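What follows is each chain in one-letter form.
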Amino acid sequence: MLNFLSLAAVAGGAVLSASAPAMDSMDLPGVKLGMSREAWSALPFPGATSARARPICSDDGTAQSNDLTPSVADRKNGTVLCAYRELIGRFSLPTTVNLGPKLRIQHLRFAFRQGRLMRVDYQVSVNAFDDVTARLTQRYGPPAKLIHDDVKTELGAFPRIRQVWVTSSAWIELVDPVAPFNQMGVELTIKPAATGRKAS
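It should be emphasised that the depicted structure is a prediction, and the values quoted were computed from it without experimental measurement.

Novice: Please explain the pattern of salt bridges as it appears in this structure.
Specialist: Note on pairing: side chains with opposite charge can pair once their charged atoms come close. The tally for this structure, following the rule as stated, stands at seven salt bridges. In this structure, aspartate 121 and arginine 109 form a salt bridge, with 3.1 Å as the shortest nitrogen-oxygen distance. Here aspartate 121 is found in strand β8 (residues 116–125), whereas its partner arginine 109 is found in strand β7 (residues 104–113), with twelve residues between them in sequence. Residue aspartate 121 shares its accessibility class with arginine 109, and that shared class is buried. For the salt bridge of glutamate 173 with arginine 162, the shortest nitrogen-to-oxygen distance reads 3.3 Å. You can see glutamate 173 sitting in strand β11 (residues 170–178) and its partner arginine 162 sitting in strand β10 (residues 156–166), a full eleven residues away along the chain. Looking at glutamate 173, the relative accessible area reads 23%, which means it is partly exposed. Of the residues examined, arginine 162 reaches a relative accessible area of 25% and is grouped as partly exposed. When salt bridges with common partners are traced through the structure, they connect Asp74, Arg109, Arg119 and Asp121 into a single cluster.

Novice: I tried to follow the packing of aromatic side chains on my own but got confused; where do I start?
Specialist: How two aromatic rings sit relative to each other is given by the distance of their centres and the angle of their planes. Summed over the entire model, instances satisfying the criterion amount to six aromatic pairs. Measuring from ring centre to ring centre gives 5.4 Å for tryptophan 40 and tyrosine 84, while their planes differ by 50°; the resulting arrangement is tilted. Residue tryptophan 40 is located in helix α1 (residues 37–41), and its partner tyrosine 84 is located in strand β4 (residues 80–88); the two are separated by 44 residues in the primary sequence. Under the relative-accessibility criterion, tryptophan 40 is labelled buried at 0%. Seen in terms of ring centroids, phenylalanine 158 and phenylalanine 181 are 5.8 Å apart; in terms of plane orientation they differ by 80°. Their pairing is edge-to-face. Remark: phenylalanine 181 occurs in the loop between β11 and β12 (183–190) and phenylalanine 158 occurs in strand β10; sequence separation between them is 23 residues. Judged by relative accessible area, which is 26%, phenylalanine 158 ranks as partly exposed. A cation over a ring is seen here: lysine 191 above tryptophan 171, with NZ or CZ 5.9 Å from the ring centre.

The rules we used
- Each chain carries its own residue numbering, running from 1 in the written order of its sequence.
- In view of the model being predicted, local features appear only for residues whose pLDDT reaches at least 70, and side-chain atom pairs are presented and counted only at 80 or more, with totals across whole chains, interfaces and linings using the full set of residues.
- Each side-chain value is worked out from all heavy atoms of the structure, with water and hydrogens disregarded.
- Salt bridges are defined by distance alone: a side-chain nitrogen of Lys or Arg within 4 Å of a carboxyl oxygen of Asp or Glu.
- Note on conventions: DSSP H or I runs of at least 4 residues are helices, E runs of at least 2 residues are strands, and numbering of each starts at the N terminus.
- Throughout, exposure labels follow a simple rule: accessible area from a 1.4 Å probe, protein chains only, divided by the maximum for the residue type, with under 20% read as buried, over 50% as exposed, and the rest as partly exposed.
- A pair of aromatic rings is counted whenever rings of Phe, Tyr or Trp (Trp by its six-membered ring) have centres within 6.5 Å, and the orientation is called stacked for planes under 30 degrees apart, edge-to-face for over 60 and tilted otherwise.
- Placement of a positive charge over a ring is assigned whenever Lys NZ or Arg CZ falls within 6 Å of the ring centre and within 35 degrees of the normal to the ring plane.

Take it as geometry only, folks, not as evidence of what the structure does.
Shown next, in the form of structure tokens:
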């Protein structure tokens with residue numbers, strides 16, 4: 001979810017360039033929606049330097065992790081999930097990425113379809129809610145959708161807020177909270193190109 005990435009749209013396998021916001025300290029350096037899986041794999045690990053951290057994907061035989069198991073919908077459309085893991089022997093450990101003083105990202109995942117990056121999602125502490133929403137609003141204006149509801153937990157119902165920002169090429173959704181309910185989820189999803197739109 002939240003990541004101030006440069007955005008691009010994909011149509012028929014061709015990347016359509018979109019006007020991208022300037023990079024800042026919250027960006028994952030070099031990551032762009034619509035980029036190829038090969039280009040993503042070649043990027044350096046965005047967190048603290050680690051000789052053990054490397055990209056792994058749900059289709060390469062090394063992803064022994066529940067969060068890299070594609071959903072039914074992802075399997076149907078051929079989506080491959082990727083992430084960074086620290087490999088120690090035969091063990092694969094999750095990594096965290098710091099994108100600012102209040103943004104310590106966990107469960108960072110990249111979803112590829114037909115070899116192109118279609119979605120980025122992750123979790124960050126609910127304590128970063130004000131900072132994240134302020135930055136998104138500064139860049140994209142007020143959210144296009146704001147929903148208040150409740151989420152059921154073992155401790156009862158928690159109030160939940162969903163906000164969606166819409167750009168010319170992507171949806172950005174923030175959900176606060178998500179399990180384990182001290183985290184909020186952020187997701188960027190590429191928008192399908194309009195029918196008949198030509199690649200430029």
